[in-house]
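Inside the fold
Read off the chains here:
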Amino acid sequence: MVILSQNAGSDTKKSAGVVTDDFNYFVEQFDDIRVLKYNLPGFENLSLKQKEYIYYLSQAALAGRDILWDQNFRHNLLIRKTLEAIIESYSGNRETLEYKAFLIYAKKVFFANGIHHHYSSDKFNPGFSAASFANLINSSEKEKLPLAKGESSDQLINLLTPVIFDEKLFPRKVEQKAGTDMVSGSSSNFYEGVTQKEVEEFYAAKTSLNDPHPISLGLNSRVVKVKGKLTEEIYKSGGKYGKAIDNIIQWIEKAINSAETAKQKDELKILIEYYRTGDLKKWDEYNIAWAKNTDPMVDYINGFIENYEDPLGMKATWEAIVDYTDIEATKRSKIITANAQWFEDNSPIHPKYRKEKVKGVAARVINIAMLGGDCYPASPLGINLPNANWIRKEIGSKSVTLANITIAYDVASRGNGFLEEFAFDQSEVDRIKKYGSVSDALHTDLHECVGHASGKLAHGTDPNALKNYASPLEEARADLFALYYIMDLKIIELRLLPGEDAAKASYDAYLRNGLLTQIVRIKPGKDIEEAHMRNRSAICHWVFEKGKAGKVVEFVHRENKTFVKINDYKKLQILFGELLKEIQRVKSEGDFEAGKKLIEDYGVKIDARLHSEILERYAKLNLAPYTGFVNPYLTLKFDANGSIKDVCVEYTSDFLSQMIYYGKKYSFL
Ligand code: ZN
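Here we summarise the structure given alongside this text. (Residues numbered from 1 in each chain as written. Predicted model: local features only at pLDDT ≥ 70, side-chain atom pairs only at ≥ 80, totals over all residues. Heavy atoms only, no water.)

A word on the sheet that holds strand 2 (residues 26-30). Strand pairing in a sheet is mediated by backbone hydrogen bonds. Such pairs are either parallel or antiparallel. Spatially, three strands are ordered 2-3-14 in an open sheet, and the strand pairing comes out mixed. Looking along the sheet, the strands with just one partner apiece sit at the ends: strand 2 and strand 14 (626-630). The sheet shows a mean angle of 25° between the axes of neighbouring strands, direction not considered. In terms of strand pairing, strand 3 (residues 33-37) meets strand 14 through five bridges, oriented parallel. Paired with Val 35 across the two strands is Gly 628, which belongs to strand 14. (Pairing = 2+ DSSP bridges. Helix = DSSP H or I, 4+ residues; strand = E, 2+ residues; numbered from the N terminus. Axes fitted to C-alpha atoms, helices over the stretch in contact; angles between N-to-C directions.)

This is the structure we're talking about:
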């Protein structure tokens, strides 16, 4: 599971550790995208062995890049190689409007790892003509183009032109509209020539309902039809994506030699076995080993993990990160986990739904050293793995918050005018500037380490009873847990916040986002669809309505602009507690109708007048609602004897060059 960035304007990102203000985070902005770079604080203080370990794992994190491109859409690699060839060798005028439009399109494709938007899933409108696309190809070096033996440039043009330019072809990466065939309607490359019904029957026949330790069925394969029968092409060495996987394995083998502990070495060996065999039992065995390794200084994620891009929620995209612990900030999450039982025992929910024994989640605050696959360039802010429910229950899970990524968001967003435009007054602006980072980091920790882990189901409640409302309700439950406690004296007692003003900053930011600014991501006339956004909208509109009589929160209008003003922070805390109690009841009892009503009444619809006002104010700021990152370059330094002396970090501010470089260095498919 991943936590994505909360608000497009991004004034309140969780961040921890050291903020180095003199680091220039900004790289560039195009279309709806802002590209930043991230800093590696404290990297130089790691031991040589740790640095080497990071280096080899980083190579393994980059080696699988092509896999994701192909998973996103089966023509993506061919398109990318064509774009690369044009950028490198086009001999025509590069100052024309058409070429500039082409370059923006190319950057959007690089950013999305394919021709569909990474968030909305819609195919990009190229912004230049098919005729100029043909001209670009014809004026580029033929040897650089991805032509098959004997293939002409014209054949390439004829193949790609409809794929890129025909709006009706492959319009959506993931199609989840109920009542349609989501498999044939989605362009992501997990299935070919099969219908949703066929796939569902295929996997239903393989499901064993009584297995207490079920494998993640279908996780690492593509389903195709061979001689009329459905068959899985397994992602493994010698199988689908074998060449890229072999390269990943090669780097993991090197990493094993510099691993710090026997535990890490063993765990990596199981990962290699899994990549060699594609055996999902091995994958579980590996995840157990990985989850048990709760306190590593250097850690990583590498594999087919999240299933957001598969409309049926089974197939996983390839992703990777490499990280190292932010020791100071991790102390904070350890304090929370150590007090997990206190939080549970004092929670405002009905006592019969409290857990007698809470197991907090093993949480670390980390700094990212490399992003790869589906974590690059758009990075999550927090990750909680493994995903298999039975492993989470029996072994536990590891949760990380990404400190240097959130600091980059935070610092790069300062002074962009967003906060000043939407905050109610100067004292709110000052509070956020002073405490926004620390209070938001604490919110995330409470949400992750204790919020999701709290509460229990009534005996006999079906865990799937809330269906499509389960995710927004679960996110609301964890958010409310955090919101309720952040204003509690216990937090100050534990020295997790410097004082009440910091807690106020958290409420200011949450309400402003949920009532006003998060809708900048939504097109006029559309509803809120995404689970985290529905959750925030539902919480904010519910407390607004329930507190209306007492004017706990109010809308204030000034010069035709709407602002949110909180009048009574303590009452607001009580309202958060009441809603937490109700949502816990809904979950514990599986009360689908009540859950549905909460989300539909408060979380989905947007007031049209307010929406257009907010969009207009946001447009004037000229900000990009989506953010991603370039990676640093890590290189080995050798001494006179050829032994590794150090690992150097070099930062870059050139997004396009990194894309071209990766295309050359990590192209295996
Ligand atoms: Zn969550």
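From this point on, the discussion continues.
It is worth spelling out the coordination of the zinc ion at this point. Coordination of the zinc ion by the protein comes from His 447 (NE2), His 452 (NE2) and Glu 475 (OE), over a distance range of 2.0 to 2.2 Å. Sequence spacing of the donors to the zinc ion: H-x4-H-x22-E. Taken as a pair, His 447 in helix 17 (residues 426-451) and Glu 475 in helix 18 (residues 470-486) lie far apart in primary sequence, 28 residues in all. By relative accessible area, which is 7% here, His 447 ends up buried. (Donors = N, O, S within 2.8 Å, 3.2 Å for Na, K, Ca; no water. Buried < 20%, exposed > 50% of the residue type's maximum accessible area, 1.4 Å probe, protein only.)

With that out of the way, let us pick up helix 21 (residues 531-546). Taking 1.5 Å of rise per residue, 16 residues should cover 22 Å, and helix 21 covers 22 Å from first to last C-alpha, within 8% of that figure. Among the 16 residues in helix 21, 13 count as buried, and that is most of the element. (Expected span 1.5 Å × (residues − 1).)

A cis amide bond, omega -5°, links Tyr 376 with the succeeding residue Pro 377. For Pro 377, the location among the structural elements is in the loop between strand 9 (362-373) and strand 10 (382-385). A positive phi angle, near 50°, is found at Asp 31, a position not held by glycine. Along the polypeptide, Asp 31 turns up in the loop between strand 2 and strand 3. Non-glycine residue Lys 551 carries a positive phi angle of around 50°. For Lys 551, the position within the fold is in the loop between helix 21 and strand 12 (553-558). You can call Lys 551 partly exposed: its relative accessible area is 48%.

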